[in-house]
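# A look at the structure
If you want the building blocks of each chain, they are given just below.
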Amino acid sequence: MNKYRKVIKPKETIVKDDDEIRVTAAGSVSAYISRAAKLFNEMEKTYLTITATGNALTKAVTSAEVIKRRFKGLHQNTKLSTQEIIDEYEPLEEGLDKVTDTRSVPCIEI
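The structure presented is a predicted model; accordingly, all values stated were derived computationally and were not measured. (Residues numbered from 1 in each chain as written. Predicted model: local features only at pLDDT ≥ 70, side-chain atom pairs only at ≥ 80, totals over all residues. Heavy atoms only, no water.)

### Considering the overall build of the protein
Selection criterion: The helix count covers DSSP runs of H or I at least four residues long, the strand count covers runs of E at least two residues long, and both are numbered beginning at the N terminus. Two things to know: the radius of gyration comes from C-alpha atoms, and the globule rule equals 2.2 Å times the number of residues to the power 0.38. Burial classes: relative accessible area under 20% of the type maximum marks a residue as buried, over 50% as exposed, and values in between as partly exposed (1.4 Å probe, protein chains only).
Scanning the protein for helices and strands turns up two helices and five strands. Overall, the protein shows an N-to-C arrangement of helices and strands of β-β-α-β-α-β-β. Taking 2.2 N^0.38 as the reference for a compact globule, 110 residues should give roughly 13 Å; the C-alpha atoms of the protein span a radius of gyration of 19 Å, well beyond that estimate. For the protein, the spread of C-alpha atoms along the three principal axes comes to 65 × 20 × 20 Å. By residue count, 25% of the 110 residues in the protein fall in the buried class.

### What about helix H1 (residues 29-42)?
Our working rule: For a helix, the expected span equals 1.5 Å multiplied by the residue count minus one. Contacts were defined at the residue level, with two residues in contact if any of their heavy atoms lie within 4.5 Å.
Taking 1.5 Å as the rise per residue, H1 with 14 residues should run 20 Å; its terminal C-alpha atoms sit 20 Å apart, in good agreement. Buried residues along H1 sit in contact with strand S2 (20-22) and helix H2 (57-70).

### So, unusual backbone geometry
In this structure, Glu44 is a non-glycine residue whose phi angle is positive, near 55 degrees. Checked against the element boundaries, Glu44 lands in the loop between H1 and strand S3 (49-53).

### Here's the deal with the nonpolar core
The nonpolar side chains of a soluble globular protein tend to be buried with one another. So the rule is basically this: Residues belong to one nonpolar core when they are buried, are Ala, Val, Leu, Ile, Met, Phe, Trp, Tyr or Cys, and are joined through side-chain atoms within 4.5 Å.
In terms of nonpolar packing, the biggest core is built from 17 residues, with Ile21, Val23, Leu48, Ile50, Ala52, Ala60 and Ile67 touching the most fellow members. Among the secondary structure elements, those contributing two or more residues to this core are H1, S3 and H2. With five residues, the top contributor of residues to this core is H1. Setting aside residues up to four positions removed in sequence, Ala52 forms contacts with Val23, Leu57, Ala60, Pro106, Cys107 and Ile108.

### A look at the side chain of Ser63
Which entries qualify depends on this criterion: Side-chain atoms alone can form a polar contact between residues adjacent in sequence; in general such a contact is a pair of N or O atoms within 3.5 Å, and within protein one must be able to donate a hydrogen while the other accepts it.
Mapped onto the elements, Ser63 comes out in helix H2. Separated by 2.7 Å, the side chain of Ser63 and the backbone oxygen of Lys59 make a polar contact. Apart from the residues lying within four places of it in its own chain, the contact partners of Ser63 are Val29, Tyr32, Ile33 and Ile50.

### Some details on the sheet that holds strand S4 (residues 79-91)
To keep it simple, the criterion reads: Strand pairing follows a simple DSSP-based rule, namely that at least 2 bridges must link the two strands. To get an axis, a line is fitted to the C-alpha atoms, and for a helix only the part in contact is used. The angle between two axes follows their N-to-C directions and goes from 0 to 180 degrees.
Spatially, S1-S4-S5-S3-S2 is the arrangement adopted by the five strands of the open sheet, whose pairing is mixed. Of all strands in the sheet, those with a lone pairing partner are strand S1 (4-6) and S2, marking the two edges. On average, each strand axis in the sheet is tilted by 30 degrees relative to the strand beside it, whichever way the strands run. Summarising the sheet, S3 and strand S5 (residues 99-109) pair through three bridges and their orientation is antiparallel. When the bridges of S5 are listed, Thr51 appears paired with Glu109. Along the sheet, H2 contacts S3 and S5; its crossing angle with S3, the most-contacted strand, is approximately 160 degrees.

This is the structure:
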C-alpha cells in the first residue's frame with residue numbers, strides 16, 4: 001500500500017440533537033457523565049441518547065451504566081448496528097488502478 005495515497009473525503013455535517021451524547025475513544029467518561037448531569041438538571045431533559053462507533057463502544061456502555069446508577073428511574077433501550085465505511089486510495093504511480101476498501105464498523109445507540 002506504499003504506492004497508494006488515501007483520498008480524504010469531506011466530513012458529513014450531521015446536526016446533533018441537544019439530548020445526544022456522542023462518545024469517542026479519546027473522550028473521558030467523567031466528561032460524558034457531567035454532560036448527562038447538565039442535560040437532566042439544568043436543561044430539564046427527560047431522556048438522552050448515547051451513541052458510539054468502533055473503539056468507543058466500551059466507554060459508551062460504561063457511561064450508560066454510571067448514568068443509570070447516578071440518576072434513578074431511568075430505563076435503557078439499546079440498538080446495535082453496523083456501518084459500512086468505504087476508503088478510497090489513489091495510485092502514486094501511473095498504470096495502477098484506484099483501490100477501494102470497505103470496512104464494517106460496529107455502532108451502538110443507548
